[in-house]
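Spelled out, the chains give:
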Amino acid sequence: MGLFRNSLCAMALSLFAASAGNAATLLEPTLHVKPQGVEGGGGRVALTLDACGGKTDTRILSALVDNRIPATIFVTGIWLKRNAEAVEIMRAHPDLFELENHGGRHIPAVDTPQKIYGIRSAGSPDAVQAEVESGAAALAGAGGPAPRWFRGATAEYSPSAIAMIRRLGFKIAGFSVNGDGGSLLGAKETARRIGAAKDGDVIIAHINQPTHAAGEGVVQGLLALKQKGMTFVRLDDAEGIGNDGTTD
Ligand SMILES: [Zn+2]
């Protein structure tokens, strides 16, 4: 089951188009942080990393700690249960890591029955609510501050699910740079995409696929951004502005 969940996760956000069939239109919201806007300055970006299930990519975790790069980590209840050591490292560096809600069981926050990247959606409003609330409960159970941001599995939503998640009190974390293509990209392309992030971008990548080449590219891309003088902010420290009613 672990492997199965890993592959589901890897498929999410892949380069391949979803075959939603005749199901409801889905939204993949974008998110930006307020640009630094300084002439000639490096600018600022938000790094968001999903921990869908599976394990921890310690290449990335160590690089963040060693280079003091702050990140917002979206964790599921499944991942939290199996990665106590990584959680402990993150909790030991509250100045670097903000943990947010990626759902209890990594089920897409879509309230009609359909498949997204091969993953079955929650399928009903009640099931979306359960996914969001169980993710928050898992984080509360692991200690630390209550989450304020939610990102659903696959980062796609039905419009009515977005409205419900907002009513539950969460902002929804889209992104503007798909850094690792669901962790399926090679190291070189991942490094190129992340290294090309601009002032105000929100990067998404994964921190739960230690065997994938993409993780190496995540590290290279981040170090390139740091070298360029880019500042990293976490979602709670930035004024994130999303479309599709995700933050307002
Ligand atoms: Zn995920």
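That block above? That's the structure.
Basis of the calculations
Residues numbered from 1 in each chain as written. Predicted model: local features only at pLDDT ≥ 70, side-chain atom pairs only at ≥ 80, totals over all residues. Heavy atoms only, no water. Core = buried A, V, L, I, M, F, W, Y, C linked by side-chain atoms within 4.5 Å. Buried < 20%, exposed > 50% of the residue type's maximum accessible area, 1.4 Å probe, protein only. Helix = DSSP H or I, 4+ residues; strand = E, 2+ residues; numbered from the N terminus. Contact = heavy atoms within 4.5 Å. Donors = N, O, S within 2.8 Å, 3.2 Å for Na, K, Ca; no water. Phe/Tyr/Trp six-rings, centres within 6.5 Å; stacked < 30°, edge-to-face > 60°. Lys NZ or Arg CZ within 6 Å of the ring centre and 35° of its normal. Pairing = 2+ DSSP bridges. Axes fitted to C-alpha atoms, helices over the stretch in contact; angles between N-to-C directions. Parallel < 35°, antiparallel > 145°, perpendicular 65-115°, else oblique. Left-handed = near helix turned anticlockwise from the far one by under 90°. Salt bridge = Lys/Arg side-chain N within 4 Å of Asp/Glu carboxyl O.

A. View of the nonpolar core. Of all hydrophobic cores here, the largest spans 34 residues; its most connected members are Leu47, Leu49, Leu64, Ile73 and Phe97. Elements represented by at least two residues in this core include exactly strand 2 (44–51), helix 2 (58–66), strand 3 (71–75), helix 3 (77–82), helix 4 (84–91), strand 4 (97–101), strand 10 (202–206) and helix 8 (214–227). For this core, the leading source of residues is helix 2, giving 5 residues. Residues contacting phenylalanine 97, with those up to four places away along its chain left out, are Leu61, Leu64, Val65, Ala71, Ile73, Met90 and Arg234.

B. Structural view of the coordination of the zinc ion. Distances from the zinc ion to its protein donors, namely Cys52 (SG), His102 (NE2) and His106 (NE2), fall within the range 2.1 to 2.3 Å. Read in sequence order, the donor residues coordinating the zinc ion give the pattern C-x49-H-x3-H. The buried category is assigned to histidine 102, whose relative accessible area is 1%.

C. Representation of the packing of aromatic side chains in the model. In total, this model carries 0 aromatic pairs according to the counting rule given. If you follow arginine 151 out to its NZ or CZ, it ends over the ring of phenylalanine 74, 4.6 Å from the centre.

D. How the structure looks around the pairing of strand 10. Where burial is concerned, most of strand 10 is hidden: 5 out of the 5 residues are buried. Because side chains alternate across strand 10, one face comprises the buried residues Val202, Ile204 and His206, and the other comprises Ile203 and Ala205, equally buried. Judged from the 5 bridges that link them, strand 2 and strand 10 form a sheet pairing that is parallel. Within the sheet, the bridge partner assigned to alanine 46 lies in strand 10 and is valine 202. In this sheet, strand 10 lies alongside strand 9 (residues 177–178) in parallel orientation, the contact comprising 2 bridges. The residue bridging valine 177 from the neighbouring strand is isoleucine 203, located in strand 10.

E. Structural context of the packing of helix 5 (residues 125–141) against helix 6 (residues 159–167). Remark: helix 5 packs on helix 6, axes separated minimally by 10 Å, with the N-to-C direction vectors making an angle of 45°. By the angle between their directions, the pair helix 5 and helix 6 is classed as oblique. The two elements helix 5 and helix 6 meet at a crossing, and its hand is right-handed. Across the interface between the two elements, Pro125, Val128, Gln129 and Val132 from helix 5 touch Ala161, Met164 and Ile165 from helix 6.

F. Representation of the pattern of salt bridges within the structure. The full count for this structure, using the stated rule, is 7 salt bridges. Its salt-bridge partner being aspartate 236, residue arginine 148 comes within 3.1 Å of it at the nearest N-O pair. Separated by 88 residues along the polypeptide, arginine 148 in the loop between helix 5 and strand 7 (149–150) and aspartate 236 in the loop between strand 11 (231–233) and strand 12 (240–242) bring together distant segments of the chain. What makes arginine 148 partly exposed here is its relative accessible area of 48%. With a closest N to O distance of 3.1 Å, arginine 234 and aspartate 237 form a salt bridge. Note on aspartate 237: relative accessible area 49%, which makes it partly exposed. Connected through shared salt-bridge partners, Glu189, Arg192 and Arg193 make up one network.

Worth remembering: the numbers are spatial, not functional.
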